[in-house]
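Tertiary structure, described
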Amino acid sequence: MLSANTQYACYLVFKLSEKCCGLHGPVIIRDLSNWRNKETGILYFRYPNPWNVRDTDWVPRQRKDGWMEVIVWKFNSNYELKNDHLFVNLKLITYERTMSGLIVRSIKFRPI
């Protein structure tokens, strides 16, 4: 259950395999469920050079359990719910053409 009028973040909990590909640089993220909004964001699966970071919210953080987490989406709880379900449709695009080696553990929603 979401609290009313609260900002939330959607976190991707992950690890990278030793042979990962396409995850070394910035990754473009788009919310496809809101097709009118052409806005994109940039996230990182590895910590980038500090000179290249505009917003540290989209940079991965190490968790106590050894997994990494990064914000992939932010929204307000007033976002349109359908039958008490939240529909999320995100597209990740890498500058390196293809991505592989991303091991996903979970997706978490937490207030920010």
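Quick caveat: nothing in here was measured; it's all calculated off a predicted structure.

What follows covers the sheet that holds strand S4 (residues 61-62). Taking strand neighbours across the sheet as the criterion, the 4 strands line up as S4-S5-S1-S7 in an open arrangement whose pairing is antiparallel. The sheet is open, and its two edges are formed by S4 and strand S7 (100-111), each paired on a single side. Two elements, strand S1 (residues 7-21) and S7, share 10 bridges in a ladder whose sense is antiparallel. Residue pairing in the sheet places Tyr8 in a bridge with Pro111 of S7.

The next subject is the environment of Leu102. Tracing the backbone shows Leu102 in strand S7. Assessed through its relative accessible area of 29%, Leu102 is described here as partly exposed. With residues up to four places along the chain from it excluded, the contact list for Leu102 reads Leu12, Phe14, Lys15, Leu16, Leu23 and Phe45.

Now for the sheet that holds strand S6 (residues 90-94). One open sheet accounts for 3 strands, arranged S3-S2-S6; its pairing is antiparallel. Taken across any chain shown, the strands that pair with only one partner, and hence form the sheet edges, are strand S3 (40-43) and S6. The mean angle between the axes of side-by-side strands here comes to 30 degrees, regardless of whether they run parallel or antiparallel. Inspection of the sheet shows strand S2 (residues 27-31) paired to S6 by 5 bridges, in the antiparallel sense. Paired with Asp31 across the two strands is Leu90, which belongs to S6.

Definitions and cut-offs
Residues numbered from 1 in each chain as written. Predicted model: local features only at pLDDT ≥ 70, side-chain atom pairs only at ≥ 80, totals over all residues. Heavy atoms only, no water. Pairing = 2+ DSSP bridges. Helix = DSSP H or I, 4+ residues; strand = E, 2+ residues; numbered from the N terminus. Buried < 20%, exposed > 50% of the residue type's maximum accessible area, 1.4 Å probe, protein only. Contact = heavy atoms within 4.5 Å. Axes fitted to C-alpha atoms, helices over the stretch in contact; angles between N-to-C directions.

None of this, on its own, says anything about what the molecule does.
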